[in-house]
Each structure stands twice: as C-alpha cells, then as structure tokens.
Amino acid sequence: MFSSIKFGKCPKPAVQANFDATRYVGEWYEIQKLPAAFQKGECGTATYTLKSEGVVGVLNNGTINSIVGTAKVKDPAEPAKLEVSFFENSPPGPYWVLSSDYDGHALVYGCTNFGLFHVEFSWILSRQPTLPEETIEDLHSTLTSIGVKVDKMVYTNQDETYCAPMRD
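Read on for a plain summary of the structure. Every value quoted in this text rests on a predicted model; they were computed, and no experiment measured them.

## Some thoughts on the state of the cysteines
By definition, a disulfide links two cysteine residues through a covalent bond between their sulfur atoms. For the structure shown, the criterion picks out 2 disulfides. Paired through a disulfide, C10 and C111 show a sulfur-sulfur distance of 2.1 Å. Taking the sign of the S-S torsion, about -90° here, the bridge from C10 to C111 comes out left-handed. With C10 in the loop between strand 1 (5-7) and helix 1 (21-24) and C111 in strand 8 (residues 105-114), this pair connects stretches of sequence that are 101 residues apart. Residue C10 is classed as buried on the basis of its relative accessible area of 14%. Disulfide pairing is shown between C43 and C163; the S-S distance is 2.1 Å. Where C43 bonds to C163 through sulfur, the torsion about that S-S bond is close to -85°, and the disulfide is left-handed. Here C43, found in the loop between strand 2 (26-33) and strand 3 (45-52), pairs with C163, found in helix 3 (residues 160-167); they are 120 residues apart in sequence, far enough to count as distant. Each of the two residues, C43 as well as C163, counts as buried. Disulfides within the chain link the bonded cysteines, taken in sequence order, as 1-3, 2-4.

This is how it looks when you write it as structure tokens:
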C-alpha cells in the first residue's frame, strides 16, 4: 500500500544545482522514507557507482531484500534528475536529488502522474546511520514546501546491533 497517493499533478520542485554524480556515489544510509509497497525491511542502504557519463549503478540493500538497478540522466542540462530502473522491461521511475552536501545528507524525491492522481516517493539519506534532527527538520521544510506530507515519513531502523549481521 502506498501512503503517498494524492489528487492532482506532481509538483515540479527545484533540484540540486550543479549536481556532481562523482561526489554522490558511494554508500548512503536510509534515514526516513515515504512508505512504499516495494520497499520493506530495515537497515536500508543504497550504494551508487558511476558506470559511465550520466549512468549510475544502484544497489539497494535491506533486511528483507536487495535489488540492483540503473539510474540514467534524462537531460544532461539537469543531471540531478535521474530515472531509475530495476527490471529490464519496467518503466523507469523518477529519482530527483533535491539537495545534497555529498558528505552528510541527501534528499531524494520522485513523483509519477496517473491521470487524476500522483504517487510520491521520498528518501532522506545520510553517509552515517544517523542524521542530526536539525538536518532532518531542514529537509522536511523542503518537502513541505512542495506539498509532501512529512508526517507520513517513517524512520528506518539503523540500530548498529540490529543491523550488524547484514553489514558484516
């Protein structure tokens, strides 16, 4: 079940200016997300690798499953707007980096229109298993400004002891 189906069209938020994929690659811990049917489990991480110009390899890991995909820049003039695919014949989904300082946090948003409705996804990512509350509040402000209901976001368990077996 999606908690992020809404009436109307997707918003068109500003994305990270001068996005640099080479600085974005590496491992990110999932801190919060809008719940989605395809993403279950805890201890979520995403590892990005640069495959070629405008193409990023994606490995999402969690306690229940792992999935490999590819994210491609659709328009070189907007490198922070990627489209990610996880299955060969499935349509790609939007993966827009709204903000990132590359070393601490990243805010990712995706939205797809379906007639009178749209479905939203969002992730707050960190290079560490935790993120300062002030940073989360700042990122929530960005999401709120485009109409995302941040009260629907859920924390991902990144407890060191709980997650240790899958990280060894």
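After that view of the structure, there is still more to cover.
## Some details on empty space enclosed by the protein
Left-over empty space is what a probe sized like a water molecule reveals as it rolls over the atoms. Per the counting criterion, the structure on display carries 1 cavity of 30 Å³ or more. Taken together, F19, A21, Y24, V25, Y48, V56, A71, L82 and Y95 form the lining of the largest cavity. Of the residues belonging to the lining of the largest cavity, the class tally is 9 nonpolar, no polar and no charged.

## Things to note about the side chain of H118
On the secondary structure map, H118 appears in strand 9 (residues 117-126). In this structure the side chain of H118 is engaged in a polar contact, spanning 2.8 Å, whose partner is the backbone oxygen of G8. Only 3.4 Å separates the side chain of H118 from the backbone oxygen of K9, close enough to count as a polar contact.

## Some words on the layout of surface pockets
Considered as a void within the structure, the second largest pocket measures approximately 290 Å³ in volume. Of all elements in the fold, only strand 6 (81-85), strand 7 (93-100) and strand 8 reach the threshold of two or more residues within the lining of the second largest pocket. Looking at the lining of the second largest pocket element by element, the count peaks at 4 residues for strand 8. Split into classes, the residues belonging to the lining of the second largest pocket amount to 7 nonpolar, 2 polar and 6 charged.

Rules used throughout
- Residues numbered from 1 in each chain as written.
- Predicted model: local features only at pLDDT ≥ 70, side-chain atom pairs only at ≥ 80, totals over all residues.
- Heavy atoms only, no water.
- Disulfide = S-S within 2.5 Å.
- Helix = DSSP H or I, 4+ residues; strand = E, 2+ residues; numbered from the N terminus.
- Buried < 20%, exposed > 50% of the residue type's maximum accessible area, 1.4 Å probe, protein only.
- 1 Å grid on protein atoms, 1.4 Å probe; cavity = no way out; pocket = protein on both sides within 12 Å on 5 of 7 lines; lining within 4 Å.
- Points joined across faces, edges and corners; volume = space filled by probe spheres on them.
- Nonpolar A, V, L, I, M, F, W, Y, C, P; charged D, E, K, R; others polar.
- Polar contact = N/O pair within 3.5 Å; in protein donor to acceptor, adjacent residues only side chain to side chain.

These figures capture arrangement, not role.
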